[in-house]
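So you can see what is in the structure, the chains are spelled out below.
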Amino acid sequence: GSIFPRHKRYNNMKPIDAYLSRFAREYPASGIRSMFDLLPQYPNVVNLCNGEPDFPTPAHITESAVRALRHGDTRYSPTTGIPELRDAIARKYTVQFGRPTERDNVMAVAGGTEALLMALLTTVDPGDEVIVTDPCYPNYVSQVALVKARLVRVPVHEQNGFRIDPADLEAVITDRTKAIVLNYPNNPLGVSITPEYARELADVIEKHDLLVFSDEVYEALTFGGRHHYSIAQEDSIRDKVLVLNSLSKTYAMTGWRIGYIVGDTAIMEKMFRLQESVISCMPVFIQKAAITALESPQDVAITMAADYERRMNTLVDGLSGIPGFKCRPTEGGLCLMVNTTGTGRSSMELSIELLEHARVMTVPGSAFGPMGEGYVRFCYANSETNIREGVRRIHEYMTEKE
C-alpha cells in the first residue's frame, strides 16, 4: 500500500481530502470524459467520439522540430513566443484580414485551450458574465468557472441551422455581460460562419459593447466550397475580437500543444505579462515546427480537409438510414450532431446503449449543454473503414431493437 494512506488521521488531524479547495471539489466534470471512463470495460470498440485528427503530423513539420532539437533549440524562449513565429502569424492575418497585423498583436500559447484561458484571465473579472452557445464545447464552461465569472447560455436551435438568433442573444445580455465566446466552424454543431451572419452578430455585439473570444481552431476545415470567415473581419468590432487559434486540427498537431492569440495591442500587452506566470514560455523547437507549418505550401492540410469532408458525407449517408436518426451534412469541423429524438431515448441512455451493445463510442448531446439533449455527437476523424464499420454496427443494433 501507499506510504501516504489517503484517509489515515494523525492526532485528530483532518483527512487529507478535507484540504481540497471548494473550487476543486465543485469543478464541473466533462461529459466527454465520462464516456472515455467507460471505454476500458468494452473491447473492440469503434471510436466515433474522439475529435482528434487520425493523420500523422506531416513529415516536413516533424523534421523541422528535429532539426531545431539537433541545433540545440531547447532553452527558454520569450514569454510571448519567438519573434519569427509571431511574425509568421502576423503575416498570415495581414493577408487573411486584408489589414496590417503586427508582431505585437500576437502571442504564442499552449494550444487553443490556453488561448481561451489567457483571454479570460486578461479581460474578465469575477462576477462578469460570459456568454456561450448552448450546446457548446464543454471546456468553455469549466474555463469560465476557473476565472470565477458567470456563465450565460444562449440557446441555438436546429431549425435556425444551429446559428444564434440575434434576438435570443439580446435576450441574455445584461449590464454584467463582458464577453461572448464564438466558435466557427463549430464543435459540436458543425456550422460555419458567413459574412452576412457575422454582420448580424456584430451589430448586436457593437450595440452592447461586448468582447468576443473567437475560437477558430477548425478554420481550415470548411466544406462544400466554403471559405472561412472570421468575425474579426467585421470592421465595426475588430478591435474587440480576440482570435484564438491552434495548429492542432489544421496540421494534425494535437499533441504538440501550439497555438496563438491575435488581438489589439492594448489587451495583448497586459496578456504578455500574465503568460509568464502561467507557462513561462513555449518550447522553441515546437515554435520552429509551427513556422514551417504556417509558411510551407498548404497542400497537405488541404488534402486532409478534403478527406474529412468525404468521411463526413460517408457518416451522414450511413446514419441517415438508421431508425430514429436524423442528420444533415456539416459545414465544417470534425463533428456531426445527430438528432436522435426519434429513438425515444435520452442522449446519455442512447450513447451508453451504443457503447454496450453496438460497441460504438459516441458522446451524448447533453454533455454540451441542456440544448444538446435529444442529440448524439459523432466525430469523423477516423478512417472510412472504421466509420463504415461503426455505422454498420449501429444500423444492425438499432434495426434489431425496432
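Scroll up a little and you will see the structure.
Thresholds applied
Residues numbered from 1 in each chain as written. Predicted model: local features only at pLDDT ≥ 70, side-chain atom pairs only at ≥ 80, totals over all residues. Heavy atoms only, no water. Pairing = 2+ DSSP bridges. Helix = DSSP H or I, 4+ residues; strand = E, 2+ residues; numbered from the N terminus. Contact = heavy atoms within 4.5 Å. Axes fitted to C-alpha atoms, helices over the stretch in contact; angles between N-to-C directions. Patch = residues over 30% accessible without salt bridge, like charges linked within 9 Å, V, L, I, M, F, W, Y side chains within 5 Å. Areas by Shrake-Rupley, 256 points an atom, 1.4 Å probe, with all protein chains shown as cover. Salt bridge = Lys/Arg side-chain N within 4 Å of Asp/Glu carboxyl O. Lys, Arg positive; Asp, Glu negative; His and termini not counted. Charge placed at Lys NZ, Arg CZ, Asp CG, Glu CD. Buried < 20%, exposed > 50% of the residue type's maximum accessible area, 1.4 Å probe, protein only. Phe/Tyr/Trp six-rings, centres within 6.5 Å; stacked < 30°, edge-to-face > 60°. Lys NZ or Arg CZ within 6 Å of the ring centre and 35° of its normal. Polar contact = N/O pair within 3.5 Å; in protein donor to acceptor, adjacent residues only side chain to side chain.

> Can you lay out the sheet that holds strand β12 (residues 375-379) for me, pointing to particular residues and giving the numbers?
Two strands in a sheet stick together by hydrogen bonds in their backbones, pointing the same way (parallel) or opposite ways (antiparallel). The sheet built from three strands is open, its strands ordered β9-β12-β11 with antiparallel pairing. The sheet terminates laterally at β9 (335-339) and β11 (363-364), the two strands that pair on one side only. Relative to β12, β11 is paired through two bridges, and the arrangement is antiparallel. In the strand pairing of β12, V363 is matched with R377. Sitting on the sheet, helix α11 (residues 299-319) touches β9 and β12, and the angle it makes with β9 is about 15°.

> Explain a negative patch on the surface to me, and be specific about the residues and the numbers.
A grouping of E196, E200, D203 and E206 is seen on the molecular surface, where their side chains present a negatively charged patch. Looking at where E200 falls in the secondary structure, it is placed in helix α8 (residues 195-207). In this structure E200 comes out as partly exposed when scored by relative accessible area, which is 41%.

> Explain the packing of aromatic side chains to me, and be specific about the residues and the numbers.
Taken as a whole, this structure holds nine aromatic pairs when the rule is applied. With centroids separated by 5.9 Å and ring planes inclined at 70°, the aromatic side chains of Y93 and Y260 adopt a geometry described as edge-to-face. With Y93 in helix α4 (residues 83-97) and Y260 in strand β8 (residues 259-262), this residue pair connects regions lying 167 residues apart in the sequence. One exposure class covers both Y93 and Y260, and it is buried. Each member of the aromatic cluster is reached from another via a ring pair, and the members are Y93, F97 and Y260. Between K14 and the ring centre of Y19, over which it is positioned, the NZ or CZ distance is 4.6 Å. Directly above the ring of Y93 sits K92, whose terminal nitrogen or CZ lies 4.8 Å from the centroid.

> Could you give me a rundown of the side chain of E129, with the residues and numbers involved?
Along the chain, E129 falls in strand β3 (residues 129-134). A distance of 2.9 Å separates polar atoms of two side chains, one belonging to E129 and the other to R150. A distance of 2.6 Å separates a polar atom in the side chain of E129 from a polar atom in the side chain of T174. Beyond its immediate sequence surroundings of up to four residues, E129 is in contact with R150, V152, V172, T174, R176, T177, K178 and A179.

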